[in-house]
Amino acid sequence: MATSRTEGIPDGSGRRRRGPGMTEVARAAGVSQKTVSRVVNGEPHVSPEVRDRVLRVIEELDYRPNNAARALLLGRYRRIGVVSLGTALYGPSTLLIALERAMQRAGYSFAVASTLEGQRVPVAVEALLGQGVDGIILSEPIDDGTPLRISADVPVVSLAEGLEQTGGVSAVVGADGALAARIATEHLLSLGHRTVWHIPGPQDWWAARDRVRGWREALAAAGASEPPLPEAGDWTPASGYAAGRRLARLPDVTAVFAANDDMAIGALRAFAEAGVSVPDGVSVVGFDDIPAAAYLSPPLTTVRQDFTVIAERAIDVLVAMIEGRPTPNEPSAPAVELTVRASTGPARRPAPPRR
């Protein structure tokens, strides 16, 4: 028999009838209201069979918890806010999706405030606090190089360094961008290249600065000379193409590490147009491992960040702070991995001067 769903349906007087409450869910599932509350709030001490039965009844009755009442009762909203740039770029957008999924697995809902239209991070934080959140993730990738100062009376986890918070507790969690850049640079050096040129991203992005730092650290550790940095790109293939055209004219360029795959793709096009073979004339490494990277010609060697690992780590730490538990230990394995493909190869003897 079909189950009637009444929430939001007019009762003839212009008013909307109240949807099913926790009492109705408990009665239909044959459990106590406390058990329903535990299931709704993602708490332990509920058997899988009971949890499944309650969730099935919740779906059948279209039960929706009253968040305001639950916040008054428990002191929590079961909602986490995220401050993000709101860009379609692969890294930030993929991380945002991974954060939402990690929140859902932890039993929390998701709210986001974007800074894409020039809204400052403190303003975005205030907007989230006004919506009612138990904690905040700062996934904003852009700064001016100075510490970010915010005021929030809820726990905050930043995915970048440089956070100064008043009114609450905070932690920094994220992938080691410098480590990832070192891995990419060390791979090229291990192939016999005397040095590695870098196509940097915009330097108001902390991720781009991390990649420059890791590239420099790898060169210094190997005793390799540090080539001059080209003009910073803007993450697009067009900016990688412009950098690649300049590098293609230099006969001593045999290895290039681009700060993201899109700029690496632009550089590949520039090298092809200049008649510089990849990888025989120059080896190229990107960053991100976008879905298209494996299908380029040649397929692109790149560094992959595991956004699922990063997101789950951030949410684990934030939820522990929200619920007053000890924060979990830092995982031993880094969330970065080099994927070697055909765009890199052993260094060859210097080719004739390029035009």
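Structure: see above.
Let me sum up the structure you'll find in this document.

### Considering the nonpolar core
Counting residues in each nonpolar core, the largest one holds 25 residues, and the members touching the most others are Ile199, Leu247, Val256, Phe271, Val282 and Val284. Elements supplying a minimum of two residues to this core: strand S8 (197–199), helix H9 (237–248), strand S9 (255–258) and helix H10 (261–273). When residues in this core are grouped by element, the largest group, five residues, is from H10. In this structure Phe271 touches Gly244, Leu247, Ala248, Val256, Val276, Val278, Val282 and Val284, once residues within four positions along its chain are discounted. One finds Val157, Val317, Val319 and Ala335 within the second-largest nonpolar core, a separate group that totals 23 residues.

### Considering the sheet that holds strand S3 (residues 135–138)
Spatially, five strands are ordered S2-S1-S3-S5-S7 in an open sheet, and the strand pairing comes out parallel. Both edges of this open sheet fall to strand S2 (109–114) and strand S7 (170–172), since each of them pairs with a single strand only. Recorded for the sheet is a direction-independent mean angle of 20 degrees between the axes of neighbouring strands. Examined bridge by bridge, strand S1 (residues 79–84) and S2 share six bridges and lie parallel to one another. Pairing of Val83 across the sheet is with Ala113, part of S2. Running over the sheet, helix H6 (residues 121–131) touches S1, S2 and S3 and is turned about 160 degrees from S1.

### Regarding the pattern of salt bridges
Under the defined criterion, the tally for this structure stands at 14 salt bridges. Residue Glu273 pairs with Arg269 through a salt bridge whose shortest N-O separation is 2.7 Å. Within this pair, Glu273 and its partner Arg269 are both found in helix H10, separated by four residues, close to a single helical turn. The residue Arg325 makes a salt bridge to Glu323 at a minimum N-O spacing of 3.2 Å. Judged by relative accessible area, Glu323 falls into the partly exposed class, the value being 29%. Several salt bridges share partner residues, and in doing so they unite Arg182, Asp210, Arg213 and Glu217 into one network.

Conventions and cut-offs
Residues numbered from 1 in each chain as written. Predicted model: local features only at pLDDT ≥ 70, side-chain atom pairs only at ≥ 80, totals over all residues. Heavy atoms only, no water. Core = buried A, V, L, I, M, F, W, Y, C linked by side-chain atoms within 4.5 Å. Buried < 20%, exposed > 50% of the residue type's maximum accessible area, 1.4 Å probe, protein only. Helix = DSSP H or I, 4+ residues; strand = E, 2+ residues; numbered from the N terminus. Contact = heavy atoms within 4.5 Å. Pairing = 2+ DSSP bridges. Axes fitted to C-alpha atoms, helices over the stretch in contact; angles between N-to-C directions. Salt bridge = Lys/Arg side-chain N within 4 Å of Asp/Glu carboxyl O.

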